[in-house]
Structures are given as C-alpha cells and as structure tokens.
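A structural walkthrough
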Amino acid sequence: MKYSHFPQRKDWPALLARPVVAFAELESRVMPILDAVRQEGDEALKALTSRFDKVQLDQIRVSQAEIQQAESLLDPSLKQAIQQARQNILTFHQSQQASDDKIETMPGVLCWRKNIAIEKVGLYIPGGTAPLFSTVLMLAVPANIAGCEEIVLCTPPDSSGKVHPAILYTASLCGVTTMCKVGGAQAVAAMAYGTSSVPRVYKIFGPGNQYVTMAKQLVAKEGVAIDLPAGPSELAVVADDTAKPAFVAADLLSQAEHGIDSQVLLVSSSRQLIEQVQEELRLQLPQLPRADIAEKALANSQAILVEDEATAIELINAYAPEHLILAIERDEEVAARITNAGSVFLGNYTPESVGDYASGTNHTLPTNGYARSYSGVSLDSFVKKITFQKLTAEGLQRLGPTVEIMAEAEELIAHKRAVSLRLSALNEANL
C-alpha cells in the first residue's frame, strides 16, 4: 500500500481517487456491445461470449437438468451455510416491509401509499475469477419477499460453458425463474432489451466491473431502471491502537482479492498501528491463493496517517466508501458521525466478510463515491410505491377552495374548474 503522512485537505481528492478508466473511453467500448445485442439478440450473445469468455455456447438458458445436478455436486456443509445465510438475509429484509396506513391529512381527505412489486427484475451475478453465489442471496431473497413475478439471472459461464453449481443451487433455492449463461456488458444489454433466450426486465440489479457498471448506466438512459452504480469493490478501515493489526490486514486483503481494480484504504492517527498492519500485509499476502490479484489491488490503495480521529472521520466522509470498518475504541459514537458509507462494521469482531455473506444486511452497495447519494440494495429496491387519495364530499368542500386559489394563481384554470364544478354540484345538492 502507498503510505501518506498527514496529507493536506487540498490533496485529498487526488489521494482518494479511484482507479477507474475514463468515462468516455468506457462508453466507447460498451456502446457497440449494447448495439450488437439490441440488433442481433442471441447470436450476438453467443459471439460475445466466445470473444470474451472463450467458450462456445449451444444454449444460453440453463437447463432444468443442470439446475437439478447442481445440488448433488455441492458439499452438504456448503448447502447448510447457504441456507443459514439465506435465513438471516430473509429475516433482516422481511423487517423492512412497510404498512399501508391511511393518513387523514384533514377531515374527509385520506392519503396512503402502497408497495407494489416490480414485476420483472434482472440479477447480474459476477463470475469471472470468483463465483459470487452470495450475490444471488442478496438479490433474489428480497426480490422474492417483494413478490417480483419474474426473476431473471445472468452470470458468465466458465471455460467449459457451465455455471458454478453453488450459483445454480442458490438461485433455485431463492426462487429465480430464469437463469442464463451470459456475463459482462452483453448480459446487461440482454436483460434491458430482451432476446429469444433472455427475458426483458424492468430493473437490473447487481455489481460488476467497470464495463458492467457502464452498461447499466447507459441502459438507464433508455428507461431501464438500475439499482445503483456498483463497480469494483472497496473498503476503508479506520483503526486506532485498540485494533488488532492482523485483523485489519486480513480485512484489507479480503477486499483486495476481489479484483485488480479493487481499492482499500487504511486511516489511522497511530503511526505504529499503520506500520504493524503493513507488516501483517507482507506476512499474510503470500498465503493467499489470489495473492497476485490482491497485490495489484494494494498498489491502488492507501495507508493514510492523520492527525486525529476528527480528521479521520472527515476524510472517510469525503471518500464515501462502499464498506467501512471502525476498528476503534468508541466505535458506536464515531459511527453516529459517519454520513457517507454503504455499510458500516463496528469493532474488532465484525469483519466485513460477515456482511458479504451472512449477517443479514445486503452487500450490493454503492461504490466510487456514490455512497454520498445512494443507498445499498434493500427490499425497497424491488418495489415501486404508488400513492392513493380519496376525498369525501366534506373533504372536497374543505380542501377545494385551497386548490381553486392555487390553481388560479398558476393560471391553470382547467385545474380550478375540475374542483369548482364539483363544489357547485355539492352546493346545489344541499339547497
């Protein structure tokens, strides 16, 4: 990791910059993929899968036989772990269900709001260097709770043209209705436009690399909703002298191993702690199967020595990390002062990994600074909220004059007349 000592605030933007490709360059690479899928459908998907994933596909949809076989290929302990994680995620997301209480804003004027499930949703599940079956849980469980009728899953195949059995097992367990062997920007295009094999959906969910994120942002311009711009993984750790250096290093590596474009940040006012963590990184890194990936990610990462806790908090809020660990003595007190983060992990015994897999919170979170304005995926992400109102005759008589005055002031006389005609009819009826 790069090491910065007491950086001045004017240098923070450069110091905290993410390792991303220029927007215009990304768009120029992704747009032809979207156009090809829109025009050629399945044929484009097969050609692009051959080009990017180096595999020839006969069928894009996963067969029922493949889904049934997946369960038999998994170790019982993994199936049990997936089921436990599913239950915790189910419990947490069920608690987010809202009531449809009717509110009487004034006598005779009733207003309420109702959650309606988005009928067709698409889930993008990264494959590539790691089969993220945990993301299936994070997206399919709330989609099911919400009542989405059609849940389409796209994930890249491996070199033999298969999908990892853990992804298929988890998808089946969580009620996914259609599973497809396609990844990258072409998968986003398929779900946005629809092909013979991939149903068109109304909203697309799921993390991915910069190309997937760009594809999501581009189809969003065409009316397809997306969850959030979720790109390469990132983690910030704020640590003091009460933190365990080995724990902190392990947490940093847990995110660094996601991909070479991941980024991790260590912020502390303790020079000794930073040096101890750096030594732990040197010790732990060679032990990892994905050490080469993690090492490249660490090259994009920073250890930052700051003057005090207040500066650390200010810097974190400026960075707006996807994940934030507070390995500090007064973790809950400091957590109350965090305004920009996707998900926060408190204390020495709350590794970020628990949120990734099984604590119950959702791991699909805003990256690249979007935590300043976006929330992570929740049950709300899978519903649209429709408002309703109903007025009695008395309610219209009470509220109508207010609307008439406002409509006339805006010179929208037809709006006023829609109220005035009704009030006149009520007055005549009461004569």
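Residues numbered from 1 in each chain as written. Predicted model: local features only at pLDDT ≥ 70, side-chain atom pairs only at ≥ 80, totals over all residues. Heavy atoms only, no water.

1. Quick look at the state of the cysteines
Tallied over the entire structure, the rule returns zero disulfides. You can see C154 has no disulfide; the closest cysteine sulfur is in C180, sitting 4.7 Å from it. (Disulfide = S-S within 2.5 Å.)

2. Some words on the pairing of strand β5 (residues 150-155)
Extensive coverage of β5 is indicated by the burial of five of its six residues. By the bridge criterion, five bridges tie strand β4 (residues 120-124) to β5 in an arrangement that is parallel. Opposite L123, over in β5, you have L153 as the bridge partner. Note that β5 and strand β6 (residues 178-181) share four bridges and pair parallel. Each bridged residue has a counterpart across the sheet, and for C154 the counterpart in β6 is C180. In this fold, the crossover linking β5 to β6 by way of helix α7 (residues 165-173) has right-handed handedness. (Buried < 20%, exposed > 50% of the residue type's maximum accessible area, 1.4 Å probe, protein only. Helix = DSSP H or I, 4+ residues; strand = E, 2+ residues; numbered from the N terminus. Pairing = 2+ DSSP bridges. Right-handed = clockwise from strand over helix to strand, strands pointing away.)

3. Some thoughts on the nonpolar core
Counting 41 residues, the largest nonpolar core has V121, L123, V176 and F382 as the members making the most contacts within it. Broken down by secondary-structure element, the contributors of at least two residues to this core are α4 (64-73), α5 (76-94), β4, α6 (133-146), β5 and α7. The greatest single-element share of this core, amounting to ten residues, is contributed by α6. I33, A190, V198 and I204 belong to the second-largest nonpolar core, a separate cluster that totals 32 residues. (Core = buried A, V, L, I, M, F, W, Y, C linked by side-chain atoms within 4.5 Å.)

4. Remarks on the sheet that holds strand β8 (residues 225-226)
An order of β6-β5-β4-β7-β8 is seen for the five strands of this open sheet, with the pairing classed as parallel. Only two strands of the sheet have a single neighbouring strand rather than two, namely β6 and β8.

5. Section: the environment of V419
Tracing the backbone shows V419 in helix α17 (residues 413-430). Along the sequence, V419 and G400 sit 19 residues apart, while their C-alpha atoms lie 6.0 Å from each other. Leave out the neighbours within four places in its chain, and V419 touches L396, G400, V403 and E404. (Contact = heavy atoms within 4.5 Å.)

6. Let's talk about α17
The end-to-end C-alpha distance of α17 is 25 Å, a good match for the 26 Å that 18 residues give at a rise of 1.5 Å each. Burial in α17 covers these residues: V419, S420 and L423. Looking down the long axis of α17, one finds its buried residues gathered within 100° of arc, a one-sided arrangement. Exposed positions of α17 whose direction lies more than 90 degrees from the buried face are A414, L421, R422, E428 and A429. Where the residues of α17 are buried, they touch α16 (393-409). (Expected span 1.5 Å × (residues − 1). Arc of directions from axis to C-beta.)

7. Concerning the packing of helix α10 (residues 245-256) against helix α11 (residues 271-284)
Any two packed helices are characterised by the angle at which their axes cross and by the distance between the axes. Where α10 contacts α11, the axes come no closer than 8 Å and their chain directions differ by 60°. Classified by the interaxial angle, the pair formed by α10 and α11 is oblique. Along this stretch, α10 crosses α11, giving a crossing that reads as right-handed. Listed contacts from α11 to P245, A246, V248, A249, A250, L252 and L253 of α10 are L273, Q276, V277, E280, L281 and Q284. Its residues assigned to classes, the contact of α10 with α11 shows ten nonpolar, two polar and one charged. (Axes fitted to C-alpha atoms, helices over the stretch in contact; angles between N-to-C directions. Parallel < 35°, antiparallel > 145°, perpendicular 65-115°, else oblique. Left-handed = near helix turned anticlockwise from the far one by under 90°. Nonpolar A, V, L, I, M, F, W, Y, C, P; charged D, E, K, R; others polar.)

8. Details of unusual backbone geometry
Positive phi is not limited to glycine here, since F6 has a value of about 45°. As for its position among the elements, F6 is in the loop between β1 (2-5) and α1 (12-15). According to the relative accessible area criterion, F6 is partly exposed, its value standing at 38%. Even without being glycine, N368 reaches a positive phi, approximately 55°. Relative to the helices and strands, N368 resides in the loop between α15 (352-357) and β14 (383-391).

9. Digging into the sheet that holds β14
If you walk across this open sheet you meet the three strands as β2-β3-β14, and the pairing is antiparallel. If you trace the sheet from one side to the other, it starts and ends with β2 (103-106) and β14, each paired once. If you compare each strand with its neighbour and ignore which way they point, the axes differ by 30° on average. Where β2 and strand β3 (residues 109-117) come together, three bridges link them in antiparallel fashion. Looking across to β3, one finds that M106 is bridged to V109. Of the strands in this sheet, β2, β3 and β14 touch α16, which is tilted by about 95° from β14.

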